[in-house]
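Close look at the chain arrangement
Single-letter residue listing:
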Amino acid sequence: GQVCVSAPGCAAVCRDIALEVSPHQLPEPEKWSMHLDLWQHPQAVARWHDVAPWSPEHFALLRPLMRRLAQAGQKCITCTLLDEAWNGQTYDWFPSMIRWVKGKDGVMRYDYSALDAWVHFMHDEIGIREQISCYSMLPWHHKVKYFDEATGQWAEVSAEPGKPSFEQVWAPFLRDFHHHMQQKGWAGKTCIAIDERPDRMVREAMRLVKENAPSFRIAS
């Protein structure tokens, strides 16, 4: 073919060109080596379409979106361990996929049903299977929201790295979560994901993960 280049005040210059196309073909996306990690926000889809989160209607809406993401070579499933790790930087709040419940006996329990439904959907049906990124042990506000059965209301507990409360809150959770993910067969793919946090905080989180959830990795 021919390519012509022109600009105001200049004569056009045209050149004949010949392109030789190499006989290479892209492999299927699941074979790509690029580590694509675009965060997902499934609850935003539920809010936009006014359906209940994790309902059959919700997953039906998610299906074409997530299949398109998988076809682009996505490697990671985005999960949230607690409410809004990033202090509300996006239009839709990032709610927790785990329900923290403090029983009347004072013991914290963890309901993984929403997280399980989401990971099963993404892992088994959509085919994104390399990594499960769980945000975050280091939220910007250093707080964990939980439902208090004694009062029947939501409450918060502070868990700042370097203080005793950090280990008191996160060590029991990590042990329980690690056991749960082992039972599901996902522990080796699970990463405690940390975003934009100071080094001293990241090291505290890494220490707790190593001590309480040795199969987990860190994504940062």
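Residues numbered from 1 in each chain as written. Predicted model: local features only at pLDDT ≥ 70, side-chain atom pairs only at ≥ 80, totals over all residues. Heavy atoms only, no water.

**Overview of the overall build of the chain**
Helix and strand content of the chain: five helices and 10 strands. Against the globule reference of 17 Å for 220 residues, the chain gives a C-alpha radius of gyration of 23 Å, more extended than a compact globule. Based on the C-alpha atoms only, the size of the chain along its principal axes is roughly 85 × 40 × 35 Å. A burial count over the chain gives 42% of its 220 residues as buried. In the chain, 69% of the contacts between residues at least 6 apart in sequence involve partners at least 24 apart. As displayed, the chain has an accessible area near 12700 Å², and 52% of this comes from carbon and sulfur atoms. Charged side chains of the chain number 24 positive and 27 negative; the gap between the two group centres comes to 2 Å. (Helix = DSSP H or I, 4+ residues; strand = E, 2+ residues; numbered from the N terminus. Rg over C-alpha atoms; globule rule 2.2 N^0.38 Å. Buried < 20%, exposed > 50% of the residue type's maximum accessible area, 1.4 Å probe, protein only. Contact = heavy atoms within 4.5 Å. Areas by Shrake-Rupley, 256 points an atom, 1.4 Å probe, with all protein chains shown as cover. Lys, Arg positive; Asp, Glu negative; His and termini not counted. Charge placed at Lys NZ, Arg CZ, Asp CG, Glu CD.)

**Focus on the pairing of strand β5 (residues 108-111)**
Within a regular beta strand, the side chains point alternately toward one face of the sheet and then the other, so they alternate between its two faces. Pairing geometry for strand β4 (residues 99-102) and β5, over four bridges, is antiparallel. Bridging from a neighbouring strand, Trp-100 pairs with Tyr-110 of β5. Hairpin connection, β4 to β5: the antiparallel pair is bridged by five residues, and Gly-106 has positive phi, about 85 degrees. (Pairing = 2+ DSSP bridges.)

**A few points about unusual backbone geometry**
Note that the residue after Tyr-135, namely Ser-136, is joined by a cis bond; omega there is -5 degrees. Along the chain, the position of Ser-136 falls in the loop between β6 (131-135) and β7 (143-148). If you check the backbone angles, Trp-54 has positive phi at about 70 degrees while not being a glycine. In this model, Glu-84 sits at a positive phi of 40 degrees, which is unusual for a non-glycine residue.

**Here we look at the pattern of salt bridges**
This structure, assessed with the given rule, holds 10 salt bridges. The salt bridge involving Glu-160 is made with Lys-163; its shortest N-O contact spans 3.5 Å. Residue class for Lys-163 comes out partly exposed when judged on its relative accessible area of 47%. A salt bridge links Asp-199 to Arg-203; the nearest nitrogen and oxygen atoms lie 2.8 Å apart. Here Arg-203 and Asp-199 lie together in helix α5 (residues 199-212), a separation of four residues that amounts to about one turn. What makes Arg-203 exposed here is its relative accessible area of 55%. (Salt bridge = Lys/Arg side-chain N within 4 Å of Asp/Glu carboxyl O.)

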